[in-house]
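Chain by chain, the residues:
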2 protein chains.
Amino acid sequence: MDLPHGARSADAVGRNRFSVILSHPGNHENVGLVARAMKNTGFRDLRIVGLESLDDGARRTAVHAEGILGKARFFPDLAGATASCRLVLAATARARNTFTVLPFPEIVEAVLRFPRKTRVGLLFGNERTGLTSEELCAANYVFTIPQACRQPSYNLASAVLLTLFALFNHGPDPGPAAGRPLPAAKPLQDDCAGVVLRKLEAAGFIHGANRAHVTEMVRGLFGRMALTEKDRRFLTAVFSQGTKKET
Amino acid sequence: MDLPHGARSADAVGRNRFSVILSHPGNHENVGLVARAMKNTGFRDLRIVGLESLDDGARRTAVHAEGILGKARFFPDLAGATASCRLVLAATARARNTFTVLPFPEIVEAVLRFPRKTRVGLLFGNERTGLTSEELCAANYVFTIPQACRQPSYNLASAVLLTLFALFNHGPDPGPAAGRPLPAAKPLQDDCAGVVLRKLEAAGFIHGANRAHVTEMVRGLFGRMALTEKDRRFLTAVFSQGTKKET
């Protein structure tokens, strides 16, 4: 790779393990601009939820990043797009009471806390509507990019650029974190949360009036735990047993 | 001002003293995107060199930042746009042998080294051609935004966004720097470099073959010195005296 003046040869975060996931982008030109931001900062894997292909608008704005568009993968739903991830970080412009929002500068540390091979999805929502609560539930961490005023929010490509640049421009990895073990595959983490939610429902803790709120809270908590395979086996066993007793 | 979640109430760098200066932008939509990036990060003063007005393309992309466009000022040349500045930082995608390039993370420190009232111009060139050597000569510091590969470079609005975000997102001011005094007004700094260049020319150091190179070197050195009024009076006196002796 050519390294012009100002380029970083170090790759502190391991850029190849990141996937940029765009959920239901409304404007193909924005997808091209996202590809250009990825190329600028050295990220490669682009996943798009809710589209089946890209039009010329995307290619027009991608300037020298057509290769990233050419290899982009399309998924009918978010679960498919995150299936190979072990950690999902979702960008949101609005605070939600039910999710603990990670301060922006800490997203890099949040990733580096886990083993280097942890596959990470960076999730961004539709330009106009952002991510739904259900989509935020699919993330381990939610983060907000600081801004000076409420309106306008960063446009999609800007949000992706600032996020990727923060990861790209991070100093050298401080070394293997004292740290946390490899999280389980994301779908297995989600299944485990599902087991717990069903248990809560069976026990009468979840009902029509609080379903959305409790579900978000539990998903948010499970996200931050970034369950390992061992955690997951433990929790699944405990809650399955509970369910058996009850039946 | 509304402060949504993730907004910074602190203003570590004093954003009102900054001007974003676009030299000969080719695309009005990009100017609108620059205004939006300024609004997102809380900067207000936009100066444009080489245009006399903006068209609907700029207003279309400015989304909620029309106020910044409405107050933008237009200058026929760069000297006019930087006349009220005391420190000018110029973004370049290409390294130049004759300019010492400031590492990107240090631009914030470079500004904070000077008194809080130092008026700062942030200079960005044409989308396709960047800044000319002459324009770089008008800067105190030249900086390059790190990128992963040579092509594509950041587009204009992205370069502005990353620069402003670095300034906006900077932690609290460590307090008055042990510090450097207020630089002289930029035109006076430039005049002083001009006196020295004429002296060098009179002494035979500058001639046809090396003019461009020596001029850039001297301008680059003077830029980094960020001359104060006292420095300037001293140097002007010394070199004027020298010239008198010679004549």
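In the block above lies the structure referred to throughout.
Quick caveat, the model's predicted, so the values are computed rather than measured. (Residues numbered from 1 in each chain as written. Chains lettered and ligands numbered in written order. Predicted model: local features only at pLDDT ≥ 70, side-chain atom pairs only at ≥ 80, totals over all residues. Heavy atoms only, no water.)

Colleague: I keep staring at the pairing of strand β2 (residues 45-49) of chain A and nothing clicks. Help me out?
Modeller: Regular strands show a simple pattern: their side chains alternate between the two faces of the sheet. Residue and element names in this part refer to chain A. When you tally the buried positions in β2, you get five out of five residues, the bulk of the element. A two-sided burial pattern is seen for β2, the buried positions comprising D45, R47 and V49 on one face and L46 and I48 on the other. Two elements, strand β1 (residues 18-23) and β2, share five bridges in a ladder whose sense is parallel. Of the residues in β2, the one forming a bridge with I21 is R47. (Buried < 20%, exposed > 50% of the residue type's maximum accessible area, 1.4 Å probe, protein only. Helix = DSSP H or I, 4+ residues; strand = E, 2+ residues; numbered from the N terminus. Pairing = 2+ DSSP bridges.)

Colleague: Looking at this model, I keep getting lost on the environment of R128 of chain B. Mind explaining?
Modeller: Counting through the fold element by element, R128 of chain B comes out in the loop between β6 (120-124) and α6 (133-137). For the pair formed by R128 of chain B and F74 of chain B, sequence separation is 54 residues and the distance between their alpha carbons is 20 Å.

Colleague: Just to check I follow, could you spell out helix α8 (residues 186-202) of chain B for this structure?
Modeller: The periodicity of an α-helix, 3.6 residues per turn, causes residues three or four positions apart to be oriented the same way. Residue and element names in this part refer to chain B. The terminal C-alpha atoms of α8, which comprises 17 residues, lie 24 Å apart, in line with the 24 Å expected from a rise of 1.5 Å per residue. Those residues of α8 that fall on the buried side of the exposure criterion are K186, Q189, C192, A193, G194, V195, V196, L197 and K199. Where α8 ends, the next residue or the one after it, G204, has phi of about 85°, a positive value. (Expected span 1.5 Å × (residues − 1).)

Colleague: It is not clear to me how the environment of D45 of chain A should be interpreted in this structure. Could you clarify?
Modeller: All names here are of chain A. Summarising the element assignment, D45 is placed in strand β2. Sequence-wise, D45 and I68 are 23 residues apart; in three dimensions their C-alpha atoms are separated by 7.0 Å. Discounting residues that sit within four places of it in the chain, D45 has contacts with F18, S19, V20, M38, R73 and R119. Of the polar contacts made by the side chain of D45, one reaches the side chain of R73; its length is 2.9 Å. (Contact = heavy atoms within 4.5 Å. Polar contact = N/O pair within 3.5 Å; in protein donor to acceptor, adjacent residues only side chain to side chain.)

Colleague: Would you take a moment to explain the sheet that holds strand β6 (residues 120-124) of chain A for this structure?
Modeller: In a beta sheet, neighbouring strands pair by backbone hydrogen bonds and run either parallel or antiparallel. Residues and elements named next belong to chain A. Pairing is parallel across the open sheet formed by seven strands, whose spatial order is β3-β2-β1-β6-β4-β7-β5. Since the sheet does not close on itself, it has two edges, and those belong to β3 (73-75) and β5 (101-102), each with one partner. Against the sheet, helix α7 (residues 156-168) engages β1, β6 and β7 (141-143), with an angle of about 150° to β6. (Axes fitted to C-alpha atoms, helices over the stretch in contact; angles between N-to-C directions.)

Colleague: Just checking my understanding: could you explain the sheet that holds strand β1 (residues 18-23) of chain B for this structure?
Modeller: Residue and element names in this part refer to chain B. Within the open sheet, the seven strands sit side by side as β3-β2-β1-β6-β4-β7-β5. Their pairing is parallel. Looking at which strands have only one partner, the edges of the open sheet turn out to be β3 (73-75) and β5 (101-102). Pairing of strand β4 (residues 87-91) with β6 involves four bridges; the strand directions are parallel. The residue of β6 that forms the bridge with L89 is L122. Packing against the sheet, helix α7 (residues 156-168) makes contact with β1, β6 and β7 (141-143), and its axis sits at approximately 150° to β6.

Colleague: Explanation requested: the pattern of salt bridges in the structure shown.
Modeller: When the charged atoms of two side chains with opposite charge come close together, those side chains can pair. If you walk through the whole model with that rule in mind, you get 20 salt bridges over all chains. Here R59 of chain A makes a salt bridge to D56 of chain A, at a shortest N to O gap of 3.0 Å. Here the residue R59 of chain A and the residue D56 of chain A both occupy positions in helix α2 (residues 56-61), the gap between them amounting to three residues, near one helical turn. Linking R15 of chain B and D11 of chain B is a salt bridge whose minimum nitrogen-to-oxygen distance equals 3.6 Å. Each of D45, R47, R73 and R119 of chain A takes part in a single network of salt bridges with overlapping partners. (Salt bridge = Lys/Arg side-chain N within 4 Å of Asp/Glu carboxyl O.)

Colleague: Is there a simple way to explain the side chain of N126 of chain B in this structure?
Modeller: Residues and elements named next belong to chain B. Along the chain, the position of N126 falls in the loop between β6 and α6. You can call N126 buried: its relative accessible area is 18%. At 2.8 Å, the side chain of N126 forms a polar contact with the backbone nitrogen of R128.

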